[in-house]
Amino acid sequence: MPTVIRRFTSWFYRRRRITLLFIIVVVSLVFFSNHVIMLSTVSAYTNSVDDLFVFKSRPPKQPSCVEKRNFVFIKQMKCATSTLLGTWYRFGYKRNLSFVSPLGTKLYLNWPYPMTKIDFRPSSVGYNILTEHSIYTPDVMEAIMPNDTVFLSIVRNPFDQVKSIFQYFKMAPIAGVPLSSKNIFVEYFSNFEKYETKFKSPEASKSRFCIPTGFSLTKNLMSHCLGMPLGFPPGSLDISQDKNKVDEFIKFLDTKFSLIMIVEYFYESLILLRRMMCWKFNDILFMNANVAQYSFDTKNIPQNIREFHKELSSVDYRLYDHFNKTFWEKVSKQTDDFFDEVTALKKVSSKVKSYCNSVYPLGERPYYRFPWAKQFLKIEASNWTSEFKIHPEDCWMLGPDPYKLYRLVQIENDVYEKTLLEQHAKIRDGRRREEKGLC
């Protein structure tokens, strides 16, 4: 009897354990199933809410914007290009990029003649940036620059430009305009053939700064710099009297240049540039340089003088009108916050100028040797920029003499490329004097 009881008891406990295990398994399966159903329900609910409200506050993922580093900028005389020089060189120098730079102590890349392959310092690493005075010469420039190079330039109201050129190149005294004249500019253009002939003459060559005999600074200068054939050098093709050919060439430029900036809309131009090049706010800062101080009344110019210049330099007016129009077409395609960004840039630029102008009198030295308040300027983050700092060295790159960094780049290049420079010096220059720039 005891044996039977023990066996029954053993069987009962084994059966109970199996039953308990079964109950646990069943409960677990039920719990797991309910959990899955609950998660599915929540997910479905979340998706339905997303679909309902489309979550406008959550911006769509934007494609990455790759910073463009290769560019050619065709400088125009008296079109804020000295101001931009510091911007270009600071951008390139901080990234260790290579510049197409004139040989020796020259300022220009054979301007106002077409550029050739022997007019610039050699480089063993190729080139990224060309921004010195040159004539747009597509065959040469496209041969030495990378395939993804962006072409840029800038234009200005032709009448405002010629007033600045007249002052900068001291055209009145060179042409013999009496300084006692009520307005030397008006006097020059009232007797244009007389004074222009004298200014362009061989006899005045020693007084002209880098301007070859026979070259006009007052007639269609911007179009000439952009490579339009206008009869210089003497004997070359001149299409200035053929409006159809002029318009064709302007359309050609439209296909080659990604952006033609406008001096009168400088900040808007910089924002278009920043967006197109995928640059940062920090990359488009500038300090004004080479700003004209006029010795004549620039405001009260008789209308007949204005009309005379418009006829004299008609190609430049057509060029300016065209690119002013296409400029605003580009602006119209920007996002709604474009002008807010322009306003933001103006505020940041004002702060940077104020800071840099307070730094310059203290001299050039490492930032840590400046008083604490002058060691950096912090620009707060905004909708268009992350937070960044401007140090004294940034100020010295931008100005007050933007050519200082330009000369430093040349010195460093000459040390690094000493062998190539020696080889370049042996190249025979077969051009005539009339085909080579003076500066």
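Reading the values: the criteria
- Residues numbered from 1 in each chain as written.
- Predicted model: local features only at pLDDT ≥ 70, side-chain atom pairs only at ≥ 80, totals over all residues.
- Heavy atoms only, no water.
- Pairing = 2+ DSSP bridges.
- Helix = DSSP H or I, 4+ residues; strand = E, 2+ residues; numbered from the N terminus.
- Contact = heavy atoms within 4.5 Å.
- Axes fitted to C-alpha atoms, helices over the stretch in contact; angles between N-to-C directions.
- Phe/Tyr/Trp six-rings, centres within 6.5 Å; stacked < 30°, edge-to-face > 60°.
- Buried < 20%, exposed > 50% of the residue type's maximum accessible area, 1.4 Å probe, protein only.
- 1 Å grid on protein atoms, 1.4 Å probe; cavity = no way out; pocket = protein on both sides within 12 Å on 5 of 7 lines; lining within 4 Å.
- Points joined across faces, edges and corners; volume = space filled by probe spheres on them.
- Nonpolar A, V, L, I, M, F, W, Y, C, P; charged D, E, K, R; others polar.

Draft legend 1. Local environment of the sheet that holds strand β1 (residues 71–74). Taken in spatial order, the five strands line up as β2-β3-β1-β4-β5 in an open sheet, and their pairing is parallel. Only two strands of the sheet have a single partner each, and these edge strands are β2 (99–100) and β5 (259–262). Pairing analysis gives two bridges linking β1 to strand β3 (residues 129–130), with the strands arranged parallel. Bridge pairing in β3 places Val72 opposite Leu130. The sheet strands contacting helix α10 (residues 266–277) are β1, β4 (150–155) and β5, and the helix crosses β5 at an angle near 155 degrees.

Draft legend 2. Expanded view of the packing of aromatic side chains. Under the counting rule described, the total for this entry stands at 40 aromatic pairs. A centroid spacing of 5.8 Å and a plane angle of 20 degrees characterise the contact between Tyr188 and Tyr195, whose relative ring orientation is stacked. Tyr188 gets classed as buried once you look at its relative accessible area, which sits at 0%. Pairing Phe189 with Phe308 gives two aromatic rings, centres 6.5 Å apart and planes at 70 degrees, and the pair type is edge-to-face. You can see Phe189 sitting in helix α6 (residues 184–190) and its partner Phe308 sitting in helix α11 (residues 303–312), a full 119 residues away along the chain.

Draft legend 3. Spatial organisation of empty space enclosed by the protein. Applying the stated rule across the entire model yields two cavities of 30 Å³ or more. Of the volumes computed, that of the largest cavity is approximately 60 Å³. Across the lining of the largest cavity, the residue classes break down as five nonpolar, five polar and two charged. Counted as a void, the second largest cavity has a volume near 40 Å³.

Draft legend 4. Structural view of the layout of surface pockets. The computed volume of the largest pocket comes to approximately 540 Å³. Lining the largest pocket are 26 residues; nearest its centre among them are Lys78, Ala80, Ser82, Ala289 and Asn290. Contributions of two or more residues to the lining of the largest pocket are made by α2 (81–94) and α4 (158–168). Residues belonging to the lining of the largest pocket are distributed by class as follows: 14 nonpolar, seven polar and five charged. The computed volume of the second largest pocket comes to approximately 380 Å³. Along its surface, the second largest pocket is lined by 19 residues, and Lys200, Gly214, Ser216, Lys219 and Leu230 are the ones closest to its centre. If you tally residues by element for the lining of the second largest pocket, the top one is helix α7 (residues 192–200), at four residues.

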